[in-house]
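# Chain and residue survey
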Amino acid sequence: TAEAYRLSDTVTPFHPNIDKIYSGLISKDYKSLRGLPGNSFRRVLNDSRVDTIVEDLYKNGAFYSELSGSGSSVFGLFEDPVKMSQAADTFREGYRPYLTAAL
């Protein structure tokens, strides 16, 4: 919304540590990625519903979860496709989960 974009001008942008992200991906130390990329817009929204979904994705086996871009969705990254499918099942009521595979 216009209000959210206006508020985004009032916060210091979050700049992720690209070296640590790259290192975690290359070494397949996925748990080290938690909290590294981040999303400045999430701080602007300050919406407990988003925080709950992100945490629920972690509880269901995601190695990383975050608000996408300007907030159209929340995503979780999973190493285990079975856990990914099970997590999607927990969100079917009230949400529309979509499962995809990385290229």
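In this text, all values refer to a predicted model and were calculated from it rather than measured experimentally.

### Points about the overall build of the protein chain
Across its full length, the protein chain carries 5 helices and 2 strands. Starting at the N terminus, the α and β elements of the protein chain follow one another as α-α-α-α-β-β-α. Structurally, the protein chain occupies a C-alpha span of about 40 × 35 × 25 Å along its principal axes. Each of the 103 residues in the protein chain was classed as buried or not, and the buried ones make up 25%. Contacts in the protein chain between residues at least 24 apart in sequence constitute 41% of all its contacts with a sequence separation of at least 6. By element, 54% of the accessible surface of the protein chain is carried by carbon and sulfur atoms, the whole surface being about 7,400 Å². Of the side chains in the protein chain, 12 bear a positive and 13 a negative charge, and the two mean positions are spaced by 1 Å.

### Quick notes on the confidence of the model for the protein chain
Taken residue by residue, the protein chain gives an average pLDDT of 83. The fraction at 70 or more is 92%. When the elements of the protein chain are averaged for pLDDT, helix α1 (residues 2-8) gives the smallest value, 71, and helix α5 (residues 81-91) the largest, 94.

### A word on unusual backbone geometry
Excluding glycine, a negative phi dihedral is what most residues carry, and trans is how most peptide bonds are arranged. Unlike most non-glycine residues, K28 shows phi in positive territory, near 60 degrees. On the accessibility criterion, K28 (58% relative accessible area) is exposed.

### Notes on the pattern of salt bridges
The tally for this structure, following the rule as stated, stands at 2 salt bridges. Residue D47 is joined to R49 by a salt bridge in which the shortest nitrogen-to-oxygen separation is 2.6 Å. For R49, a relative accessible area of 59% gives the class exposed.

### Digging into the nonpolar core
Listed in full, the 11 residues of the largest apolar core are I21, Y30, L33, L36, F41, V50, V54, Y58, F63, Y64 and L67. Contributing elements (two or more residues each) for this core: α4 (48-59) and β1 (64-67). Broken down by element, the residue count for this core peaks at 3 residues, all from α4. Apart from residues lying up to four places away in sequence, V54 is in contact with R42, S65, E66, L67 and V74. I53, L57, F78 and F91 belong to the second largest nonpolar core, which has 6 residues in total.

Criteria and thresholds
- Within each chain, residues carry numbers counting from 1 in the order of the written sequence.
- Owing to the predicted nature of the model, reporting of local features is limited to residues with pLDDT of at least 70; listing and counting of side-chain atom pairs is limited to 80 or more, with chain, interface and lining totals taken over all residues.
- As a rule here, side-chain values come from all non-hydrogen atoms in the structure, and water together with hydrogens is ignored.
- Secondary structure elements are defined from DSSP: runs of H or I of at least 4 residues count as helices, runs of E of at least 2 residues count as strands, and each element is numbered from the N terminus.
- Exposure classes here rest on a 1.4 Å probe applied to the protein chains alone. A residue is buried below 20% of its type maximum, exposed above 50%, and partly exposed in between.
- Here, residues are in contact when the closest pair of their heavy atoms is within 4.5 Å.
- In short, Shrake-Rupley with a 1.4 Å probe defines the accessible areas, and a residue's cover is counted only from the protein chains shown.
- This count recognises Lys and Arg as positive and Asp and Glu as negative, with His and chain-terminal groups excluded.
- Where a charge sits is defined by one atom per residue type, namely NZ (Lys), CZ (Arg), CG (Asp) or CD (Glu).
- pLDDT is a per-residue confidence score from the predictor, ranging from 0 to 100.
- The working definition used for a salt bridge is a side-chain nitrogen of Lys or Arg within 4 Å of a carboxyl oxygen of Asp or Glu.
- For this analysis, a nonpolar core means a set of buried residues of the types Ala, Val, Leu, Ile, Met, Phe, Trp, Tyr and Cys, connected via side-chain atoms within 4.5 Å.

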